[in-house]
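# Coordinate inspection notes
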Amino acid sequence: MDLNKVYIILDHPDECRNIGAACRAMANNDITHLRIVGNKDDYDIEKIHVLAIHAAYIYDNAEFYDSITDATKDCAIAAGTTRRRGQNRKGKLLLPEEFAETAGKITGADNITSDGTNIAVVFGNERTGLTDDQLKECTIGVTIPSSSDFGSLNLSHAVQIICYHLFRKKNDFLTGYTPLTLERLDKTISSITDNLQKIGFFKVAGRPDMEAFWRSLLSRSTISEGEAQYLEKIFSKAAGLIKKNSCAEK
């Protein structure tokens with residue numbers, strides 16, 4: 001996932017403050033390319049800078065266009081964001097995480113200029129969102145699930161959510177560890193069940209069910225190598241203590 005190939009497009013935003021907040025949301029997620037469909041003279045740069053804070057450079061480098069089509073002509077896909085569904089609204093709408101998967105395949109790996117293509121994410125006006133005609137200028141639709149009673153998101157919040165999913169796709173390592181493979185996990189399960197069997201926790205015939213239980217539980221937990229080793233030590237020490245106390249009582 002190359003975030004340098006991601007372009008955030010705001011179509012005729014009303015509020016200068018929302019533009020500034022959107023810049024800050026982009027900067028939070030290492031996305032810096034902003035394009036605005038509209039007239040630059042309609043916006044107050046000082047009001048934008050107040051909300052953008054240290055991300056003001058994103059607006060200062062923003063490009064302005066007359067239409068979504070012009071703003072997305074160098075992109076492989078233009079994802080229009082919308083909460084409304086309908087016959088004229090792209091049919092199936094992708095969830096943010098689904099869109100991030102698609103975007104990752106299109107943009108390619110970081111720092112490989114020969115691979116990957118630009119993508120655009122288009123956000124509509126704060127009052128109306130993207131109209132049917134504007135959405136027709138996009139190639140796919142993306143939706144952010146929200147309350148049926150109050151479904152409209154603030155523009156900058158919508159930008160933050162989409163950018164966050166793209167950022168996470170690029171930075172899958174942010175979980176802080178690599179989950180164990182099932183092959184490695186089975187070694188931990190064998191260690192646990194070996195020690196449980198030593199202390200008579202289950203009959204020999206019940207071992208397959210016990211192994212299946214731990215495999216299901218631990219695989220869903222996606223534990224790390226350190227966590228696996230810690231579990232092995234706990235059960236090994238518990239079995240050793242029980243054996244020691246049993247011998248002491250004789």
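Before going into details, it helps to say that this report is about the structure given with it. Residue positions are given per chain, counting from 1 as you read along its sequence in written order. Since the coordinates come from a predicted model, pLDDT governs what is reported: local features require at least 70, and pairs of side-chain atoms require 80 or more to be given and counted, while whole-chain, interface and lining totals use all residues. Side-chain measures here rest on the full set of heavy atoms in the structure, leaving out hydrogens and waters.

## Let's talk about the sheet that holds strand β6 (residues 118-123)
Ordered in space as β3-β2-β1-β6-β4-β7-β5, the seven strands form an open sheet in which the pairing is parallel. Of all the strands in the sheet, just β3 (63-65) and β5 (93-94) have a single pairing partner and so form its edges. The rule for pairing is simple: two strands pair if DSSP sees at least two bridges between them. For the purposes of this entry, the term helix denotes a DSSP run of H or I that reaches at least four residues, the term strand denotes a run of E that reaches at least two, and both are numbered from the N terminus. Bridging between strand β4 (residues 75-81) and strand β7 (residues 140-142) involves three bridges; their strand directions are parallel. Looking across to β7, one finds that threonine 81 is bridged to valine 142. Every residue pair with non-hydrogen atoms within 4.5 Å of one another is taken to be in contact. Orientation is described by axes fitted as lines to C-alpha atoms, over the contacting stretch for helices, and by angles from 0 to 180 degrees between their N-to-C directions. In the packing of helix α1 (residues 16-28) onto the sheet, contacts are made with β1 (6-11) and β2 (33-37), and the angle to β2 comes to roughly 155°. In the packing of helix α7 (residues 155-170) onto the sheet, the strands contacted are β1, β4, β6 and β7, and the crossing angle to β6 comes to about 155°.

## Considerations on the nonpolar core
Joining through side-chain atoms within 4.5 Å is the link that ties buried Ala, Val, Leu, Ile, Met, Phe, Trp, Tyr and Cys residues into a set, and such a set is a nonpolar core. Partly exposed residues are those whose accessible area sits between 20% and 50% of the maximum for their type, while under 20% is buried and over 50% is exposed, using a 1.4 Å probe and protein chains only. In this structure, Ile8, Leu10, Leu34, Phe99, Val159 and Leu166 are the most contacted members of the largest nonpolar core, which totals 40 residues. Considering each element in turn, this core owes the most residues, seven residues, to α7.

## Some thoughts on the pattern of salt bridges
Two side chains carrying opposite charge are able to pair once their charged atoms lie near each other. Any carboxyl oxygen of Asp or Glu within 4 Å of a side-chain nitrogen of Lys or Arg constitutes a salt bridge here. A full pass over the atoms with the stated rule returns twelve salt bridges. Linking aspartate 2 and lysine 5 is a salt bridge whose minimum nitrogen-to-oxygen distance equals 2.9 Å. Of the residues examined, aspartate 2 reaches a relative accessible area of 5% and is grouped as buried. The closest approach of N and O atoms between glutamate 232 and arginine 184, which form a salt bridge, is 3.3 Å. Note that glutamate 232 is positioned in helix α10 (residues 225-249) and arginine 184 in helix α8 (residues 182-198), a separation of 48 residues in sequence. The exposure classification of glutamate 232 matches that of arginine 184, with both residues buried.

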